[in-house]
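# Working through the structure, step by step
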Amino acid sequence: MKLTKRQEKQLNKVFDDPRKLRKWVDDVYNGIVTKCEEATNKRVLEYLDIYSISVAYTLRYVCGFGKKRLPTVMESIWNTMDSLKRGYVDLEDCIQELAENGVKFDTIIKKQENLKEGKYIVDK
């Protein structure tokens, strides 16, 4: 950002003490960090909602779960998420067990990257 001579003189008057300038820079920095953290948290919560809805929708319309099984399975999923978050269940153990049952996350990530690029490749 380029300043005019007048703006430079005004800055010198306002920030005549280097401590004032450092405080102002810290305040601006902390404000930016706080806003970024809030935006990130909001985005994560939005995607968690979207993911939960996607799982429930898929279970309903692809797997045929109805009014009895769907709420039970969704509650079980949320309990598992809570257990992972609290450390009762190890994430690496879950990934390994799922890989043994044919769900490999490196394949899923590759498919997601292909979808983003406009390609669709089925790996089996």
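Here the residue index of a chain counts from 1 through its sequence in written order. It should be noted that, the model being predicted, local features are given only for residues of pLDDT at least 70 and side-chain atom pairs only at 80 or more, the latter also being counted only at that level, while totals for whole chains, interfaces and linings use all residues. For the side-chain quantities, the full set of heavy atoms in the structure was used; hydrogens and water were omitted.

In this section: the overall build of the protein. Along its length, the protein carries five helices and zero strands. Per the convention used, a helix needs a DSSP run of H or I reaching at least four residues, while a strand needs a run of E reaching at least two, with both numbered from the N terminus. The secondary structure elements of the protein, listed N-terminal to C-terminal, are α-α-α-α-α. The 124 residues of the protein split such that 6% are buried. Here a residue-residue contact requires only that any non-hydrogen atoms of the pair lie within 4.5 Å. Residue pairs in contact within the protein that sit at least 24 positions apart in sequence constitute 7% of those at least 6 positions apart. Carbon together with sulfur atoms contributes 57% to the accessible area of the protein, which is approximately 11500 Å² in total. For the exposure calls, accessible area comes from a 1.4 Å probe over protein chains only, and a residue counts as buried if that area is under 20% of its type's maximum, exposed if over 50%, partly exposed in between. To be clear on the numbers: accessible area is Shrake-Rupley with a 1.4 Å probe, and residue cover counts the displayed protein chains and nothing else.

Our focus in this paragraph is the pattern of salt bridges. In the sections that follow, a salt bridge refers to a side-chain nitrogen of Lys or Arg positioned within 4 Å of a carboxyl oxygen of Asp or Glu. Under the definition given, this model contains two salt bridges. Here Asp 27 makes a salt bridge to Lys 23, at a shortest N to O gap of 3.0 Å. Taken together, the residues Asp 27 and Lys 23, both in helix α2 (residues 18-61) and four residues apart, mark about one turn of the helix. Among the ionic pairs, Asp 82 bridges to Arg 86, the shortest N-O distance being 2.9 Å.

Bringing the packing of α2 against helix α3 (residues 69-86) into the picture now. Orientation is described by axes fitted as lines to C-alpha atoms, over the contacting stretch for helices, and by angles from 0 to 180 degrees between their N-to-C directions. Axis separation between α2 and α3 bottoms out at 10 Å; the angle between their running directions is 145 degrees. Once α2 is placed against α3, the crossing between them reads as right-handed. For the pair α2 and α3, the contacting residues are Leu 48, Ser 52, Val 55, Ala 56, Leu 59 and Arg 60 in the first and Leu 70, Val 73, Met 74, Ile 77, Trp 78 and Met 81 in the second. Here a crossing is taken to be left-handed if its near helix is turned anticlockwise relative to the far helix by less than a right angle, and right-handed if that turn runs clockwise.

Structural measurements only, silent on function.
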